[in-house]
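# Residue-level structure breakdown
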Amino acid sequence: MACALSEDQFRCIICLDIFHNPVSIPCGHNFCLGCIKRFWDTSHKSECPLCKEAFKIRPELRINVGLKDITQQFKKSPPYKRPPGKRPPNLPPRQASKNDDVPCDICQGNSVMAVKSCLACQMSYCEIHLTPHLRDSVLTKHRLTDPATFVTSHLCRIHNKVLDKFCKSHQTPICIKCRELDHKHHEIISIEKESKRVRTQMKKSEAEFQQMIQTRIKKLEEINTSAKLSKVNKELEIQKSIEVVTMVISVIEKNQASLIEKMEQKQEVAEKTEGELIKELGQEINELQRRRSELQHLEHSDDPLHILQCFPSLSSPLFSRDWSEVRAQPDGYIGTVRRAFTKLVDVCHTLEKKLAAEEMSKTYQYEAHVTLDPVTASGWLSLSADGKQVSLSHQQKKPAPPDDPLRFDSCVSVLGKQSFTSGKHYWEVQVGDKTDWDLGVARESINRKGAITVRPDCGYWAICRRKGGSLSACAGPSVTPHLQETPQKVGVFLDCDEGSVSFYDAEAKAHIYTYGECGFNEPLYPYLNPCLHDNGKNTAPLIICPVEFGDSDTIAAF
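Keep in mind that this is a model prediction, so the values were computed, not measured.

### Some details on the overall build of the protein chain
Counting its regular elements, the protein chain contains eight helices and 20 strands. Looking at the protein chain as a whole, 34% of its 558 residues qualify as buried. Within the protein chain, contacts between residues at least 6 apart in sequence are counted, and of these 59% link residues at least 24 apart.

As structure tokens, then:
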């Protein structure tokens, strides 16, 4: 029975080899389980490779047990030979094995691997059968390629023809059959022409990649250097903080010792004064007791002359102080303690000022170029040509600026053009003697229409001044910083990575207020509001000015 069977009955038309785990699909044709799976996976179509019948739903594959048994019996029969020549027409490209070995199409027995494939002949050859393509004058003009590449990419998966043209309309390689059917009226060019264009683009892309690599290498070096410096700076800051704390403790201890010494001195003076008073009182008591005793003795005298002679000396007034003004209650030491603590507070304020000045000197390196965005400016505001000044006009602009979702319509506010999402940034704004103003940063999603509330939960981190009074941090509720004088120029320092916004008196180099642990999660913009005119008292503009670098103060010992 086996002798009557033909090898073609057991050959998979995809791999051109004897069935391995054969399966039957709905149209009745048989294939290797792995071959038909790979065909459907690569072609992205559920159709029969032989009859082209399409299936709406990818069929569930099960091994044909009967066909598998017959195939096994056939393999045990006398050795079968594979006929030489080309593969059957209209078959999909043969899949390369996992190790990319492709058998020679001419060698019988399917045991010799191909070394080259010919795009013209559409066949793969071993070293022996490749010889004519290396010697024959006609065959040497054929294009040779790697067998694995040939099977997987040089043949059309639909028509099994060489992909020799390129469709610019669909941006895909096509074969002669594709041109006749699906790409008939499209713009078609040769593979070589398109490959030259792609090669040019590749060189450009390679140069861009190289530039990107160099940029990233440079940035990596910067980050590594920054990381090392950060570690060194951390150690320096720890050491400095230890020095500051130690110095403060020393000042406290010194003030405490001075306070105790003054209290001891005061106690000594008090004890001396009290001793003198006690002694003086004792002397007066003794004198009064003596006179009383003599008066009692004089009362029993019968000599009138003696009475007249002695009484005047006994009744004469004592030369003593007014004891009603003398207080026996101790004064206490509350005033001494308060004065000592006031001195300690003054020392701490001086230290804070020096630390703030040193802190500010480090922010200068993060100076940001900030200009105002006219698209966000209220229609009542006037911006300078360079975008550095903003003031309130006496009347709304005519014609009114176009309505824009980014524009403030009721509040006379404006945002900067520049947005910040990472890093540290510093800029300064001159407020002068303005009686009303707002300064700070705002997140991108703030409400810009109607009345707005300036506080962190509404997307604003700002300080303000109202009616010429003290500055306030708009923290909701507001916080009034303790400042010795009202600043003429305010520095704004935004640290996106740390999540903080700090404000400084730029001229006095004094810290005003810091919003910490803000948790920024979207772009931030500089925020300015020159406020209303306040009966002509508040007409001056807010001016974004260049940062004036100053020498940093050093922390001196107290």
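### Looking at helix α6 (residues 191-299)
An ideal rise of 1.5 Å per residue puts 162 Å on 109 residues; α6 measures up with 152 Å between its terminal C-alpha atoms. Those residues of α6 that fall on the buried side of the exposure criterion are E194, S205, V244, M247, V251, N255, L259, L277, E284, R291 and L298.

### Some remarks on a positive patch on the surface
Where like charges cluster on the molecular surface, the positive patch consists of K254, K262, K266, R338, R339 and K343. Where the positive patch is concerned, the elements lending two or more residues are α6 and α8 (334-363). Take K343: it is sitting in helix α8.

### Looking at a negative patch on the surface
A cluster of like negative charges, contributed by E264, E268, E271 and E274, occupies part of the molecular surface. Position of E264 relative to the elements: it lies in helix α6. Overall, E264 belongs to the partly exposed group, its relative accessible area being 47%.

### Examining unusual backbone geometry
That bond from G476 to P477 is cis: its omega, 5 degrees, falls within 30 degrees of zero. Relative to the helices and strands, P477 is located in the loop between β15 (471-473) and β16 (489-495).

### A word on the confidence of the model for the protein chain
Put simply, the protein chain has an average pLDDT of 83, and 89% of its residues get 70 or more. Here helix α4 (residues 147-154) is the element of the protein chain with the lowest mean pLDDT, 66, and strand β19 (residues 524-529) is the one with the highest, 97. Confidence over residues 80-99 falls short of pLDDT 50; this stretch has 61 contacts with residues more than four positions distant or in other chains. Here residues 552-558 is modelled with pLDDT under 50, and outside its nearest four sequence neighbours on either side it reaches 22 contacts, counting other chains as well.

### Things to note about the packing of α6 against helix α7 (residues 304-315)
Running from N to C, α6 and α7 cross one another at 160 degrees; their axes reach a closest spacing of 10 Å. As the angle between them shows, α6 and α7 are arranged roughly antiparallel. The two elements α6 and α7 cross, and the hand of that crossing is left-handed. Residue-level contacts link R291, E294, L295 and L298 of α6 to H306, I307, C310, F311, S313, L314 and S315 of α7. Of the residues that constitute the contact of α6 with α7, the class distribution is six nonpolar, three polar and two charged.

So, how was this worked out
- Each chain has its residues counted from 1, following the order in which its sequence is written.
- Thresholds applied to this predicted model are a pLDDT of at least 70 for local features of residues and 80 or more for the giving and counting of side-chain atom pairs; totals over whole chains, interfaces and linings are not thresholded and use all residues.
- To get the side-chain values, take all heavy atoms of the structure and skip hydrogens and water.
- Helix numbering and strand numbering both begin at the N terminus, where a helix is a DSSP run of H or I of at least 4 residues and a strand a DSSP run of E of at least 2.
- Each residue is assigned to one of three classes by its accessible area relative to the maximum for its type, calculated with a 1.4 Å probe on protein chains only: buried under 20%, partly exposed between the two thresholds, exposed over 50%.
- Note on definitions: a residue-residue contact is assigned when non-hydrogen atoms from the two residues lie within 4.5 Å.
- By definition here, a helix of n residues has an expected span of 1.5 Å times n minus one.
- Patch members must show over 30% relative accessible area and no salt bridge, and they are joined within 9 Å when carrying like charges or within 5 Å when they are nonpolar side chains of Val, Leu, Ile, Met, Phe, Trp or Tyr.
- Using the Shrake-Rupley algorithm and a 1.4 Å probe, accessible areas are obtained, with residue cover drawn only from the displayed protein chains.
- Any carboxyl oxygen of Asp or Glu within 4 Å of a side-chain nitrogen of Lys or Arg constitutes a salt bridge here.
- Note on charges: Lys and Arg go in the positive column, Asp and Glu in the negative column, and His and the chain ends are not counted at all.
- By convention, the point assigned to a charge is CZ for Arg, NZ for Lys, CD for Glu and CG for Asp.
- Confidence of the prediction at every residue is given by pLDDT, a number between 0 and 100.
- Axis lines are fitted through C-alpha atoms, for helices just across the contact stretch, and the angle between N-to-C directions can take any value from 0 to 180 degrees.
- The cut-offs work like this: below 35 degrees is roughly parallel, past 145 is roughly antiparallel, 65 to 115 is roughly perpendicular, and the gaps in between are oblique.
- Helix crossings fall into two classes, left-handed where the near helix is turned counterclockwise from the far one by less than a right angle and right-handed where it is turned clockwise.
- Note that Gly is not counted as nonpolar here; it falls among the polar residues with everything else outside the nonpolar set of Ala, Val, Leu, Ile, Met, Phe, Trp, Tyr, Cys and Pro and the charged set of Asp, Glu, Lys and Arg.

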